[in-house]
Amino acid sequence: MRRDDSVPHMSTRPLLEIRGLDLDFGTPRGRVHALRNVSLDVPAGQVVGIVGESGSGKSTLAYTVMGLLPENADVTAGSILFEGRDLRKMPAPARRSLLGNRLSMIFQDPMTALNPVRTIESQMVDIQHHEQGAWGQKRDRAIDMLHRVGIPDPQSRIGAYPHHFSGGMRQRVCIAMALLVKPTLLVADEPTTALDATLEVQIIRLLKDLQKEIGCSILFVSHHLGAVAELCDRVAVMYAGEVVEQGAVRDIFHNPAHPYTRALLECDPGRIRKKTRTLPTIPGEVPSLLGSKVGCIFRTRCRHASNRCVQVNPVEYRIRVDQVARCHLLGDERLVSA
Ligand code: ATP
Ligand code: SF4
Ligand code: MG
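As the structure is a prediction and not an experimental result, all values here were calculated from the model.

**Brief notes about the nonpolar core**
Among the nonpolar cores identified, the biggest contains 93 residues, and Ile18, Leu61, Leu185 and Phe220 are the most heavily contacted of them. Broken down by element, this core gets its largest block of residues, eight residues, from helix H6 (residues 167–180). Looking at which domains feed residues into this core, each of domain 1 (16–102 + 183–336) and domain 2 (116–173) supplies at least three. Filtering out sequence-adjacent residues up to four positions away, Phe220 remains in contact with Val47, Val48, Gly49, Ile50, Ala188, Pro191, Ile204, Leu207, Ala227, Val228, Leu231 and Cys232. Counting six residues, the second-largest nonpolar core is a separate cluster that includes Tyr317, Cys327, Leu329 and Leu330.

**Concerning the site of ligand 2**
Near ligand 2 you find His258, Pro259, Cys296, Arg299, Cys302, His304, Ala305, Cys309, Pro314, Cys327, His328 and Leu329, and these make up its full shell. Of the residues that constitute the shell around ligand 2, the class distribution is eight nonpolar, three polar and one charged.

**Digging into the packing of aromatic side chains**
Using the criterion set out here, one finds four aromatic pairs in the structure. On the numbers, 5.3 Å between centres and 70° between planes, the contact of Tyr260 with Phe298 is edge-to-face. Taken together, the residues span a long stretch of sequence, with Tyr260 in helix H10 (residues 259–266) and Phe298 in the loop between H10 and helix H11 (307–311) at a distance of 38 residues. Given a relative accessible area of 3%, Phe298 falls into the buried group.

**Description of the domain arrangement of the chain**
Under the domain assignment, the chain is made up of domain 1 (16–102 + 183–336) and domain 2 (116–173). Placing the centre of domain 1 and that of domain 2 at their C-alpha centroids yields a distance of 32 Å. Taken together, the contact between domain 1 and domain 2 spans twelve residues of the former and eight residues of the latter. Across the domain 1 to domain 2 interface the summed buried area is about 850 Å²; carbon plus sulfur atoms make up 60%. Looking only at domain 1, the three residues that lose the most surface to domain 2 are Ile203, Leu206 and Leu210, adding up to 36% of its buried area. Applying the counting rule to domain 1 against domain 2 returns one salt bridge. Here Glu213 makes a salt bridge to Arg148, at a shortest N to O gap of 2.0 Å. Scanning the region where domain 1 abuts domain 2 turns up three residue pairs in polar contact (both at pLDDT 80 or more). Among the elements that line the side of domain 1 that touches domain 2, the one with the most residues is helix H7 (residues 197–214), at six residues. Its residues assigned to classes, the side of domain 1 that touches domain 2 comprises seven nonpolar, four polar and one charged.

So, how was this worked out
- Each chain has its residues counted from 1, running along the sequence as written.
- Key to labels: chains lettered from A, ligands numbered from 1, both in the order written.
- Confidence filtering applies because this is a predicted model: local features only for residues at pLDDT of at least 70, side-chain atom pairs given and counted only at 80 or more, and all residues used for totals across whole chains, interfaces and linings.
- Side-chain metrics in this entry use all non-hydrogen atoms of the structure; hydrogen atoms and water are not considered.
- In these notes, a set of buried Ala, Val, Leu, Ile, Met, Phe, Trp, Tyr and Cys residues joined through side-chain atoms within 4.5 Å is what counts as a nonpolar core.
- Accessible area is worked out with a 1.4 Å probe on protein chains only. A residue is then buried under 20% of its type maximum, exposed over 50%, and partly exposed in between.
- Counting from the N terminus, the helices are DSSP H or I runs at least four residues long and the strands are E runs at least two residues long.
- Residue ranges for the domains trace back to a domain assignment, done automatically or taken from a database.
- By definition, residues are in contact when any of their heavy atoms lie within 4.5 Å.
- When we say a residue is near a molecule or strand, we mean one of its heavy atoms is within 4 Å of it.
- In the scheme used here, Gly and all other residues not listed as nonpolar or charged are polar, with Ala, Val, Leu, Ile, Met, Phe, Trp, Tyr, Cys and Pro taken as nonpolar and Asp, Glu, Lys and Arg as charged.
- Here is the rule: rings of Phe, Tyr and Trp (six-membered ring for Trp) pair when centre to centre is within 6.5 Å. Planes less than 30 degrees apart are stacked, more than 60 are edge-to-face, and the remainder are tilted.
- Buried area counts how much accessible surface, traced with a 1.4 Å probe, disappears from two parts once they are put together, with both parts' losses summed.
- Salt bridges, as used here, are contacts in which a Lys or Arg side-chain nitrogen is within 4 Å of a carboxyl oxygen on Asp or Glu.
- Under this definition, polar contacts are N or O atom pairs within 3.5 Å; protein pairs additionally need one hydrogen-donor-capable and one acceptor-capable atom, and for neighbouring residues in sequence, both atoms have to be side-chain atoms.

Have a look at this one:
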């Protein structure tokens, strides 16, 4: 079934609706097409994962939503509707005022968000600048949040500097800061990738509990499929700048339709029961993102590729009520079974 916009995707309007987003980076070698025709919804109160190999555009998408792109980035088409308003058309001051308020972010490296020469207390009080209340009240809120993310003795630890904390504890502080403002949408770019496995599990559980408590939505970027399965309601699979498949986590993980999703899941260390945390590897290489592309972006690595895949870029087909994928085989009703 071809995707039809008359089919209701959600009963209520999603919190974040990304439609037809194209983004290039200007480089001395030419324009890198890092996002191509990306469409994605984040429903209110849900956690949406973004997975895909290195260089697929996951961080670029996350930073585009936050409006934190480098100067050589150029959004050439599409819209990003947040609570029904197009972030691309919003005046810069209005957009900035959303940051650290209704929109907040957790980075892979906690030091990106923390100022090394200021105490945690002053940073956690400052981040509440949108809130009413005296310094003492904001400090109490910060201590309470540090307690909830599992920082021992937060009453005295709040006076410490970032370098006094271990990497895992720093990431907890960042989660506390990001959630202190009670955002409507939290964007997390690989928040657990730098941590060891035990810490990762703890942080994922913590995020899940806090998300439920606050009721926010999360856009969660990760290489780790296990973490996505644990935390997310929905997942989008990205390949070379395109979302090739998306839907409910249980559908994508149990019945993947796109050959790339299948390959990614087959290579997942969590599934092959091998003691390794190395990234999944699929034979072949991600194509260069320079220049225009004809045909399916995955064709050079796909064992089902045909002439049609070389000549025509597949449209998005609906596989189930809540699962869509871009592959010619799905349009032929010949669901990929090999
Ligand atoms: P990873 O899993 O390694 O974090 P990713 O999926 O987050 O990868 P991005 O960082 O979004 O991928 O990069 C997408 C593509 O855009 C890559 O080809 C990358 O080299 C390119 N890219 C990212 N930032 C820039 C930039 N500032 N200038 C030029 N190219 C860039
Ligand atoms: Fe493979 Fe063709 Fe489907 Fe692309 S469209 S994933 S090349 S079968
Ligand atoms: Mg990244």
